[in-house]
Amino acid sequence: MFRIVFVTLVAACLALPQVDKDLYAAEACTDAKCSSPDCKCSSTNIPNGLEPAQVPQFVHLTFDDAVQELNYQVYASLFYNRTNPDGCPITVTFFVSHDYTDYSRVHDLYLNYHEIALHSITDEPATDYWRDITIDQLKQEFGDEKTIVSTFANIPPEAIKGMRIPFLQLSGNNTYQLGKDIGLEWDSSWPTQTFRNPGLWPYTLDYKSTQDCLLGFCPEDSIPGFWVAPVIDWTDQQNILCSMVDACVNIPDDVDGLVQWYIDNFNVEYNGNRAPIGFYVHQAYFNANPIHLEAYTKFVDYLQGLDDVYLVSPSQSIDWIKNPTPLSAGVRAECPQIEDLGCNKQTCQLAKGEEMRYMTLCGECPEVYPWLGNPLGEAEV
């Protein structure tokens, strides 16, 4: 379902969510205590002291919510057979929610070098639910979803590395501790308005973050080795900030105007410190207005005309940050390798309580519709 996320400056004044008592308060970060490849302070400084002209501009193209047949066809025609300046396939990131997802198409996206990340099972529309959620609830929403995606899209569980909380509603330490507990490497749910120009580079939560806290509750404790891929805000034509591109309100209503607006926001980072910039939308973005697809296609074509711009996933930009090298030395030693586990596609009619659902997947049909607490869809006892 298409969601519009408005960034507010004031977090709700409610009790903090339940947290893990084993965590300890994060200390201030210094380069002496925190260094590559496993630790990075929150900072606008370019890794390894490189000059901007030596740095690849990474762009994260992402889509939230269900992958279905119609939007899959758009993704395939738009992104397949495109390559980065190093000759490797571009990578788009899909934050997949469970309801109504076609897992055979998730498998196809993965096979074509795109990153599959988690966006929860329920995609619950109540923002308070996500802000106040407990670790146990998060484990069902994201841990169970990791099981669902890996099983029914038939992709290796270790290939699933990232997550995004619906509505970007952080629940303090819980969000990030959960990500680490279920074997993820990074989250991209935390917006920043302050660190836009220059932009905030991805960093780990070993030490205290300097990032501004806009929505929900932000982490205060140390969660070693877990990465934050900041959601750097865009501005609309009246200088109003927006985290998701489809939440920006005062925007051009023609294709060429939209493309130039996209470029103007991209240039904030490209002409600055080259922190990774994201184009974050929901799966219904192209349905909301017929000109969106045409403008988006032209923007991607524009980016591909720049020989220092790479369309990659957060996982790939983090890999570079761990071992930053100048453009002249090459961005990566080899192209990504994909493990194809195959997909025996079938569509199953399954009970979800008293409701009947159809689910297209790879492999055998479960006995009931997979859901919270029952990710494999086993028969209820």
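Everything quoted here is computed from the prediction, not taken from an experiment.

## Notes on helix H2 (residues 103-111)
Argument step 1. Counting buried positions along H2 gives seven out of nine residues, so the element sits mostly inside the fold.
Argument step 2. Within the span of H2, buried status applies to Tyr103, Ser104, Arg105, Val106, His107, Leu109 and Tyr110.
Argument step 3. Its buried side turned inward, H2 meets helix H1 (69-79), strand E2 (93-96), strand E3 (115-118), helix H4 (135-152), strand E16 (345-352) and strand E17 (355-362).
Argument step 4. Tyrosine 113 sits one or two positions beyond H2 and adopts a positive phi of about 75°.

## Section: the packing of aromatic side chains
A ring pair, where both rings are aromatic, is described by two values, the distance of the centres and the angle of the planes.
Argument step 1. Applying the stated criterion across every chain yields a total of 31 aromatic pairs.
Argument step 2. Aromatic pair phenylalanine 279 and phenylalanine 299: ring centres 5.8 Å apart, planes at 40°, arrangement tilted. Of the two residues, phenylalanine 279 sits in strand E14 (residues 277-282) while phenylalanine 299 sits in helix H8 (residues 290-304), which places them 20 residues apart along the sequence. The pair formed by phenylalanine 279 and phenylalanine 299 is uniform in burial state, with each residue classed as buried.
Argument step 3. The positively charged end of lysine 352 is found above the aromatic ring belonging to tryptophan 371, 3.6 Å away from the centroid.
Argument step 4. Looking at arginine 357, its charged tip hangs above the ring of tyrosine 369, at a distance of 5.3 Å from the centre.

## Description of the pairing of E2
Argument step 1. Residues Thr93 and Phe95 point to one face of E2 and Phe94 and Val96 to the other, with burial holding for every one of them.
Argument step 2. With three bridges connecting them, strand E1 (residues 57-64) and E2 associate as parallel partners. In the sheet register, aspartate 64 faces E2, and the bridge partner there is phenylalanine 95.
Argument step 3. Since E1 and E2 lie parallel, the crossover through H1 that links them has a hand, and here it is right-handed.
Argument step 4. The pairing of E2 with E3 spans four bridges and is parallel.

## Observations regarding the confidence of the model for the chain
Argument step 1. Counting all residues, the mean pLDDT for the chain is 93, and 94% of those residues have values of 70 or more.
Argument step 2. Overall, residues 1-21 carries pLDDT values under 50, and its contacts beyond four positions in sequence, including any with other chains, amount to 50 contacts.

## Topic: helix H9 (residues 314-322)
Every α-helix carries 3.6 residues per turn, so stepping three or four residues along brings you back to the same face.
Argument step 1. With respect to burial, H9 is a largely interior element, seven of its nine residues being buried.
Argument step 2. For H9, the complete set of buried residues consists of Pro314, Ser315, Gln316, Ser317, Ile318, Trp320 and Ile321.

## What about the packing of helix H6 (residues 255-270) against H8?
Argument step 1. It is at 9 Å that the axes of H6 and H8 come closest, and there the two elements cross at 45°. As summarised for this structure, H6 and H8 are arranged oblique, according to the angle between their axes. The handedness of the crossing between H6 and H8 is right-handed. Contacts from Val255, Asp256, Leu258, Val259, Tyr262, Ile263 and Phe266 of H6 reach H8 at Ile291, His292, Glu294, Ala295, Tyr296, Lys298, Phe299, Tyr302 and Leu303.
Argument step 2. Residue classes in the contact of H6 with H8 are distributed as 12 nonpolar, one polar and three charged.

## Thoughts on the state of the cysteines
Argument step 1. Inspection of every chain in the model, using the stated rule, returns seven disulfides.
Argument step 2. Between the sulfur atoms of cysteine 34 and its disulfide partner cysteine 39 the distance amounts to 2.0 Å. Its torsion about the S-S bond being -110°, the disulfide of cysteine 34 and cysteine 39 is classed as left-handed. Of the two residues, cysteine 34 and cysteine 39, both sit in the buried class.
Argument step 3. Between cysteine 213 and cysteine 218 runs a disulfide, and the two sulfur atoms are separated by 2.1 Å. One disulfide, between cysteine 213 and cysteine 218, carries an S-S torsion of 100° and so falls in the right-handed class.

## Focus: the nonpolar core
Argument step 1. Ranked by internal contacts, the top residues of the largest apolar core, which has 98 residues, are Tyr262 and Phe279.
Argument step 2. The dominant element in this core, judged by the number of residues it contributes, is H6, at eight residues.
Argument step 3. When near neighbours in sequence (up to four residues on either side) are disregarded, tyrosine 262 contacts Trp234, Val245, Phe279, Tyr285, His292, Ala295, Tyr296 and Phe299.
Argument step 4. With seven residues, the next largest nonpolar core counts Val231, Met244, Ala247 and Tyr280 among its residues.

## What about the environment of isoleucine 165?
Argument step 1. Mapping isoleucine 165 onto the fold places it in the loop between strand E4 (162-163) and strand E5 (170-171).
Argument step 2. Under the relative-accessibility criterion, isoleucine 165 is labelled buried at 1%.
Argument step 3. Separated by 35 residues in sequence, isoleucine 165 and tryptophan 130 place their C-alpha atoms 7.5 Å apart.
Argument step 4. Residues in contact with isoleucine 165, not counting those within four places in the same chain, are His119, Trp130, Leu138, Phe142, Thr175, Asp187 and Ser189.

Quick notes on the rules
- Residues numbered from 1 in each chain as written.
- Predicted model: local features only at pLDDT ≥ 70, side-chain atom pairs only at ≥ 80, totals over all residues.
- Heavy atoms only, no water.
- Buried < 20%, exposed > 50% of the residue type's maximum accessible area, 1.4 Å probe, protein only.
- Helix = DSSP H or I, 4+ residues; strand = E, 2+ residues; numbered from the N terminus.
- Contact = heavy atoms within 4.5 Å.
- Phe/Tyr/Trp six-rings, centres within 6.5 Å; stacked < 30°, edge-to-face > 60°.
- Lys NZ or Arg CZ within 6 Å of the ring centre and 35° of its normal.
- Pairing = 2+ DSSP bridges.
- Right-handed = clockwise from strand over helix to strand, strands pointing away.
- pLDDT = per-residue confidence, 0-100.
- Axes fitted to C-alpha atoms, helices over the stretch in contact; angles between N-to-C directions.
- Parallel < 35°, antiparallel > 145°, perpendicular 65-115°, else oblique.
- Left-handed = near helix turned anticlockwise from the far one by under 90°.
- Nonpolar A, V, L, I, M, F, W, Y, C, P; charged D, E, K, R; others polar.
- Disulfide = S-S within 2.5 Å.
- Core = buried A, V, L, I, M, F, W, Y, C linked by side-chain atoms within 4.5 Å.

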